[in-house]
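So the chains spell out like this:
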Amino acid sequence: QVQLVESGGGLVQAGGSLRLSCAASGGTFSTYHVGWFRQRPGKERDFVAATNRSGGRTIYADSVKGRFTISRDNAKNTVYLQMNSLKPEDTAVYYCASGLSIAFSSIGAYDYWGQGTQVTVSS
């Protein structure tokens, strides 16, 4: 059983930056792909970014491409989401998830989820 804990959320002004962390325990972290998703108020949970086991492959939603960067440190069992040039529409609860499927952008590809961290971007 893998446990995931997100941190790093908060309130930031538009144009600012935040770095989210996702710390994993309870499994062999390096065997799992990891993704970030977000859920805005009243909306479905959407894909944001994902990385494969080694971190050598990354994919992004079009809405965050060029502004967000996903990375992982398997030695620390941690995945990061660096978010730059934040916009009010990035306001959401951000979740990290891990799984074995290569369908990185699909919610169904992930078996384990964190509890989420709130990101609020003011205009």
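Scroll up to find the structure.
Cut-off values and rules
- Residues numbered from 1 in each chain as written.
- Predicted model: local features only at pLDDT ≥ 70, side-chain atom pairs only at ≥ 80, totals over all residues.
- Heavy atoms only, no water.
- Helix = DSSP H or I, 4+ residues; strand = E, 2+ residues; numbered from the N terminus.
- Contact = heavy atoms within 4.5 Å.
- Areas by Shrake-Rupley, 256 points an atom, 1.4 Å probe, with all protein chains shown as cover.
- Lys, Arg positive; Asp, Glu negative; His and termini not counted.
- Charge placed at Lys NZ, Arg CZ, Asp CG, Glu CD.
- Core = buried A, V, L, I, M, F, W, Y, C linked by side-chain atoms within 4.5 Å.
- Buried < 20%, exposed > 50% of the residue type's maximum accessible area, 1.4 Å probe, protein only.
- Phe/Tyr/Trp six-rings, centres within 6.5 Å; stacked < 30°, edge-to-face > 60°.
- Lys NZ or Arg CZ within 6 Å of the ring centre and 35° of its normal.
- Pairing = 2+ DSSP bridges.
- Axes fitted to C-alpha atoms, helices over the stretch in contact; angles between N-to-C directions.

Student: Talk me through the overall build of the chain; I want residue IDs and the actual numbers.
Tutor: If you tally the helices and strands in the chain, you get 0 helices and 11 strands. For the chain, the succession of helices and strands along the chain, N to C, is β-β-β-β-β-β-β-β-β-β-β. In the chain, once contacts between residues fewer than 6 apart in sequence are set aside, the share between residues at least 24 apart is 58%. For the chain, the exposed area adds up to about 5,900 Å²; of that, 47% sits on carbon and sulfur atoms. For the chain, the distance from the average position of its 12 positive side-chain charges to the average position of its 8 negative side-chain charges is 4 Å.

Student: Break down the nonpolar core for me, citing the residues and quoting the values.
Tutor: Counting 35 residues, the largest nonpolar core has Trp36, Val48, Phe68, Leu81, Met83 and Tyr94 as the members making the most contacts within it. Elements that contribute at least two residues to this core include exactly strand E3 (18-25), strand E4 (33-39), strand E5 (45-51), strand E7 (68-73), strand E8 (78-83), strand E9 (92-99) and strand E11 (117-122). Ignoring anything within four residues of it in the chain, the contact list for valine 48 reads Trp36, Phe37, Arg38, Ile59, Tyr60, Ala61, Val64, Phe68, Leu81 and Tyr94.

Student: Help me get a handle on the packing of aromatic side chains, residues and values and all.
Tutor: For the structure on display, the rule yields 5 aromatic pairs. Judged by centre distance (5.1 Å) and plane angle (55 degrees), the ring pair of phenylalanine 37 and tryptophan 113 falls under tilted. A residue pair is termed long-range when its members are at least 10 positions apart, and phenylalanine 37 in strand E4 and tryptophan 113 in strand E10 (residues 112-113) qualify at 76 residues. Since its relative accessible area comes to 0%, phenylalanine 37 is described here as buried. On the basis of an interplanar angle of 70 degrees and a centroid distance of 6.2 Å, the ring pair of tyrosine 110 and tryptophan 113 is categorised as edge-to-face. The class for tyrosine 110 is buried, based on a relative accessible area of 6%. Here tryptophan 113 falls in the partly exposed class, since its relative accessible area comes to 28%. Taken together, the ring pairs in this structure connect Phe37, Phe47, Tyr110 and Trp113 into an aromatic cluster. Arginine 45 extends its terminal NZ or CZ atom over the ring of tyrosine 95, reaching a point 3.6 Å from the ring centre.

Student: Which residues make up the environment of tryptophan 113, and what are the values?
Tutor: Distance from tryptophan 113 to glutamate 89, taken between C-alpha atoms, is 23 Å for residues 24 residues apart in sequence. If we ignore the near neighbours within four places in the chain, the residues touching tryptophan 113 are Leu4, Phe37, Arg45, Tyr95, Cys96, Ala97 and Ile107.

Student: Any chance you could break down the sheet that holds strand E1 (residues 3-7) for me, citing the residues and the numbers?
Tutor: The strand order across the open sheet built from 4 strands is E1-E3-E8-E7, with neighbouring strands paired in antiparallel fashion. Two strands lie at the open edges of the sheet, namely E1 and E7, each paired on one side alone. Mean inter-strand twist for the sheet, computed between neighbouring axes without regard to direction, equals 15 degrees. By the bridge criterion, 6 bridges tie E7 to E8 in an arrangement that is antiparallel. Bridging across to E8, arginine 72 finds its partner in valine 79.

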